[in-house]
Amino acid sequence: KEQIDTDRELTGIRTINVFDFDKTLFWTHDSDEGPKKYEKAFGQRYPHKGWFGREESLRDELEIQENNLMRAIYDNLRQEPDSLNVLISNRTEKLLPRLKQFLSDRGYNFDDILLKKGKQSKVDRLHQIWDKHQGVDKINIFDDLDDAIGQYSQLRDLYSIYRDDLRINIFQVAPGEIIKV
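Values in this document were obtained by computation on a predicted structure and should not be read as measured data. (Residues numbered from 1 in each chain as written. Predicted model: local features only at pLDDT ≥ 70, side-chain atom pairs only at ≥ 80, totals over all residues. Heavy atoms only, no water.)

### Quick notes on the packing of aromatic side chains
Definition in use: Between rings of Phe, Tyr and Trp, where Trp is taken as its six-membered ring, a pair exists when centres lie within 6.5 Å; planes separated by under 30 degrees are stacked, by over 60 edge-to-face, and by other angles tilted. Each helix is a run of H or I in the DSSP string that is no shorter than four residues. Each strand is a run of E no shorter than two, and both are numbered from the N terminus. Three exposure classes are used, based on accessible area relative to the maximum for each residue type with a 1.4 Å probe and protein chains only: buried under 20%, partly exposed in between, and exposed over 50%. Think of it as a cone above the ring: NZ of Lys or CZ of Arg counts as a charge over the ring if it is within 6 Å of the ring centre and within 35 degrees of the ring normal.
One pass over the full model with this rule turns up 16 aromatic pairs. Where Y38 meets F42, the ring centres are 4.6 Å apart and the plane angle is 40 degrees; that geometry is what we call tilted. With Y38 and F42 both in helix α1 (residues 33-42) and four residues apart, the pair spans about one turn of that helix. On the basis of an interplanar angle of 75 degrees and a centroid distance of 5.3 Å, the ring pair of Y38 and Y46 is categorised as edge-to-face. By relative accessible area, which is 4% here, Y38 ends up buried. Relative accessible area serves as the criterion here: at 7%, Y46 is assigned to the buried category. When the ring centre of Y108 is taken as origin, the NZ or CZ atom of R71, which lies over that ring, is 4.2 Å away. In this arrangement the basic side chain of R106 is found over the ring face of F102, its NZ or CZ atom lying 3.6 Å from the centre.

### Concerning the side chain of Q172
Basically, it comes down to this: N or O atoms closer than or at 3.5 Å make up a polar contact, with two conditions inside protein: a donor-capable atom paired with an acceptor-capable one, and, for residues adjacent in sequence, both atoms drawn from side chains. Whether two residues are in contact is decided by their heavy atoms, any of which lying within 4.5 Å being enough.
Structurally, Q172 can be placed in strand β7 (residues 167-174). Separated by 3.0 Å, the side chain of Q172 and the backbone oxygen of D144 make a polar contact. Within the structure, Q172 has its side chain in polar contact with the side chain of D146 (distance 2.6 Å). Leave out the neighbours within four places in its chain, and Q172 touches D143, D144, L145, D146, I149, E177, I178, I179 and V181.

### Notes on α1
The condition is simple: Working note: the arc is built from the helix axis to C-beta atom directions.
Burial in α1 covers these residues: G34, P35 and Y38. Seen along its axis, α1 keeps its buried residues to an arc of 95 degrees; they face one direction. Residues of α1 that are exposed and point more than 90 degrees away from the buried face comprise K36 and K40.

### Considering the layout of surface pockets
For clarity, the cut-off: Of the grid points, spaced at 1 Å and generated over the protein atoms alone, those admitting a 1.4 Å probe that cannot get out make up cavities, while open sets with protein on both sides within 12 Å along at least five of seven lines make up pockets; any residue with an atom within 4 Å of a point is treated as lining. Grid points are joined across faces, edges and corners, and a volume is the space filled by probe spheres set on the points. Ten residues, namely Ala, Val, Leu, Ile, Met, Phe, Trp, Tyr, Cys and Pro, are considered nonpolar, four, namely Asp, Glu, Lys and Arg, are considered charged, and the remaining ones, Gly among them, are considered polar.
Approximately 170 Å³ is the volume found for the largest pocket. Surrounding the largest pocket, D20, D22, K23, F52, G53, S89, N90, R91, T92, K122, D144 and L145 form its lining. Counting residues per element, the lining of the largest pocket draws most heavily on strand β4 (residues 83-92), at four residues. For the lining of the largest pocket, a count of residues per class yields two nonpolar, four polar and six charged.

### Considerations on the packing of helix α4 (residues 122-130) against helix α5 (residues 146-160)
Spelled out, the test is: An axis is simply a line fitted to the C-alpha atoms; with a helix, the fit covers only the stretch in contact. Between two such axes, the angle follows the N-to-C directions and lies from 0 to 180 degrees. In this scheme, roughly parallel covers angles under 35 degrees and roughly antiparallel covers those over 145, while 65 to 115 is roughly perpendicular and the rest are oblique.
Direction vectors running N to C along α4 and α5 enclose 50 degrees, while the axes themselves pass 9 Å from each other. If you check the angle between α4 and α5, you find them oblique. Note on element contacts: α5 touches α4 through A148, Q151, Y152, L155 and Y159, opposite K122, V123, L126, H127 and W130. The residue makeup of the contact of α4 with α5, split by class, is seven nonpolar, two polar and one charged.

### Remarks on the sheet that holds β7
Filter applied, for reference: Pairing between strands is defined by DSSP: at least two bridges between them are needed.
Read across the open sheet, the six strands follow the order β5-β4-β1-β6-β7-β8; overall the sheet is mixed. The open sheet is flanked by β5 (112-116) and β8 (177-180), the only strands paired with a single partner. Taken pair by pair, the neighbouring strands of this sheet meet at an average axis angle of 20 degrees, ignoring direction. With six bridges connecting them, strand β6 (residues 138-143) and β7 associate as parallel partners. Note that in β7 the partner of F142 across the bridge is F171. Running over the sheet, helix α3 (residues 96-105) touches β4 and β5 and is turned about 135 degrees from β5.

Here it is as structure tokens:
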């Protein structure tokens, strides 16, 4: 699928599937391990401070491993009619072209990709999509970060007060397991 225009209403969308990138879909290298992997792969010193905000952290030569369990879930949810599949990551907006290419090269095609811009939380970015699709009655969220899980849980708790028809399923991803929160 091509990336959709989130500023227009798509009729009939009932489910939003939200995926995180780092340590959820892919076992990306952290800021300690990553520069070491880079130096080993390229035979030169990693040239920057910081890791996750740099294109080098997504280089193919780093052999970033896919989370096979999440791949099966992604492939299954892609088949659901009336659903959107969205990537919401705390990677910076400037990495969008490289991240889209990384994902596309591995067969991932999201309806939208929302990266960090300013102080926007992941919940804020989810609302950008959700606000355009008032018919949504199910949201599935997959993330690894305790902070993000906490924010999504607060959102679920808030909406549970007045939306009996809405199901927000939150899954925390860890190596070898996915735990429903």
